[in-house]
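Per-entry structural report
Single-letter residue listing:
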Amino acid sequence: MSILYVLLAILLFGVLIFVHELGHFLTARLFKVKVNEFSIGMGPKIISKTSKKTGTAYSWRALPIGGFVSMEGEDRSSDDEGAFCKKPVWQRMIITAAGSLTNILVGFLVMFILMSNSVLFSNTVASFTDTAVSNEWIQEGDKIVKIGNLNTHTGNDVVYAITRYGTSATNVTVLRDGEKMTFEVVFGTTENGGYLYGERDFYLWTENAIDNGGFFTLLKHSFFQSKLMITMVLDSLSDLIVGKYSIKELSGPVGVTEVISDAASQHDGTVWLYFVLIAMNLGVVNLMPIPALDGGRLVFMLIELIIRKPVPEKVENAIHTVGMVLLLAFMLIITVKDVINLFV
């Protein structure tokens, strides 16, 4: 790995961390919550400057592994009128979710730029390969609207759905002459890394954004491609839980940095697809109901909203502390594995 590409990977991580914390910060300021510190990085401070107007310390810390927005009354009681704990629960929920939602929004904006410079494939069948087997059920001109459990709106949806569900006979719904038809279709398969995947055996029509809807065609493809990436993240987590993939398939910051630096060295724009995928991943995972993550905090706020009183502070803090310890231990294991893989 070239040091320049490693630095680029770290920079991209830094951008996503900054964007995440900026989402928390801006919504906190919107609801007049007192922010004690806005920090990029963890550990000892390298640079820190405190605003005379707001009292917020803006810091750059030594370890480029995260960042935080420290709000008054966030983890303990406070009598300050601008304390986080003094704000209505709906405002606290927006502030808590804003970081992850901002990651997802930035991922979508980058995806829109990528789509504007890409060939856009529709979900309509153009022709079949010479070795096709699915043409026993699917015809040229069919618009594929669902494969397995996934609704397909674009060509990328179709490709992913076949890859995931096409390893065995699966239901495929097409729109043919204005009528919906569903068939149990068999596709070809291919093996990669010891895992079996479905293989598409037909070509898809392209959609020219300039001649076919312009901005709205780009918007459609950007939206559904972003949605597909979120689906991929959720599917991967589901596969990990049910044991389809092992912990060996996971990567932490070290492994992801290697992947990003390798992609950047190709000079073909792939690195930006990884950037979008990581942005979506950060957004989705942070919103999961896991203690110490934003999603875990949202669960306690939702409980407060339902029972009309907060969960005891000691109980919530204890649960988040245990969650943080487990997450750090998990990340340490993954990081050690990634470092070993660098030299094996």
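Residues numbered from 1 in each chain as written. Predicted model: local features only at pLDDT ≥ 70, side-chain atom pairs only at ≥ 80, totals over all residues. Heavy atoms only, no water.

Before going further, it helps to spend a moment on the side chain of E207. For E207, the position within the fold is in strand β10 (residues 202-207). On the basis of relative accessibility, which here comes to 15%, the residue E207 falls in the buried class. A polar contact is formed between the side chain of E207 and the side chain of H221, at a distance of 2.6 Å. (Helix = DSSP H or I, 4+ residues; strand = E, 2+ residues; numbered from the N terminus. Buried < 20%, exposed > 50% of the residue type's maximum accessible area, 1.4 Å probe, protein only. Polar contact = N/O pair within 3.5 Å; in protein donor to acceptor, adjacent residues only side chain to side chain.)

Attention shifts here to a nonpolar patch on the surface. Together, V299, L302, I303, L305, I306 and I307 give the surface a local cluster of nonpolar side chains, amounting to about 500 Å² of exposed area. Among the secondary structure elements, V299 is positioned in helix α7 (residues 294-307). By relative accessible area, V299 is classed as partly exposed at 33%. (Patch = residues over 30% accessible without salt bridge, like charges linked within 9 Å, V, L, I, M, F, W, Y side chains within 5 Å. Areas by Shrake-Rupley, 256 points an atom, 1.4 Å probe, with all protein chains shown as cover. Salt bridge = Lys/Arg side-chain N within 4 Å of Asp/Glu carboxyl O.)

Where helix α3 (residues 155-165) contacts helix α4 (residues 215-242), the axes come no closer than 10 Å and their chain directions differ by 15°. Considering their axes alone, α3 and α4 lie roughly parallel with respect to each other. α3 and α4 meet at a crossing whose hand is left-handed. Contact with α3, carried on its side by N156, D157, Y160 and R164, involves F224, Q225, L228, T231, M232, D235 and D239 of α4 and no other residues of that element. In the contact of α3 with α4, the residues fall into 4 nonpolar, 3 polar and 4 charged. (Axes fitted to C-alpha atoms, helices over the stretch in contact; angles between N-to-C directions. Parallel < 35°, antiparallel > 145°, perpendicular 65-115°, else oblique. Left-handed = near helix turned anticlockwise from the far one by under 90°. Contact = heavy atoms within 4.5 Å. Nonpolar A, V, L, I, M, F, W, Y, C, P; charged D, E, K, R; others polar.)

The end-to-end C-alpha separation of α7 is 20 Å, in line with the 20 Å expected for 14 residues at 1.5 Å each. Looking at α7, one finds that the buried residues are D294, G295, G296, R297, L298, F300, M301 and E304. (Expected span 1.5 Å × (residues − 1).)

Let's shift gears to unusual backbone geometry. The backbone phi angle of K32 is positive, close to 60°, even though this residue is not glycine. Tracing the backbone shows K32 in the loop between α1 (3-30) and β1 (35-50). Backbone geometry places R308, a non-glycine residue, at a positive phi of 65°. With respect to the secondary-structure elements, R308 resides in the loop between α7 and α8 (313-343).

Once that is clear, we can look at the pairing of strand β6 (residues 170-176). In terms of burial, β6 is largely enclosed, as 5 of its 7 residues are buried. Where strand β4 (residues 143-147) meets β6, 4 bridges bridge the pair, whose relative direction is antiparallel. Bridging from a neighbouring strand, K146 pairs with T173 of β6. Pairing of β6 with strand β7 (residues 179-185), which is carried by 7 bridges, proceeds in the antiparallel orientation. Counted as the bridge partner of V174 is M181 from β7. A loop of 2 residues connects β6 with β7, the two strands running antiparallel in sequence, and D177 in this loop sits at a positive phi of about 55°. (Pairing = 2+ DSSP bridges.)

Let us look at the nonpolar core. By size, the foremost hydrophobic cluster in this structure holds 18 residues, and its most contacted members are I138, I144, I147, V158, V172, F187 and F202. Among the secondary structure elements, those contributing two or more residues to this core are β3 (120-128), β4, α3, β6 and β10. Looking at which element gives the most residues to this core, the answer is α3, with 4 residues. Here V172 is in contact with I138, I144, K146, I147, M181, T182, F183, V185 and F187, once residues within four sequence places are set aside. Core analysis: the second largest hydrophobic core is formed by 17 residues, V110, L120, L218 and F275 among them. (Core = buried A, V, L, I, M, F, W, Y, C linked by side-chain atoms within 4.5 Å.)

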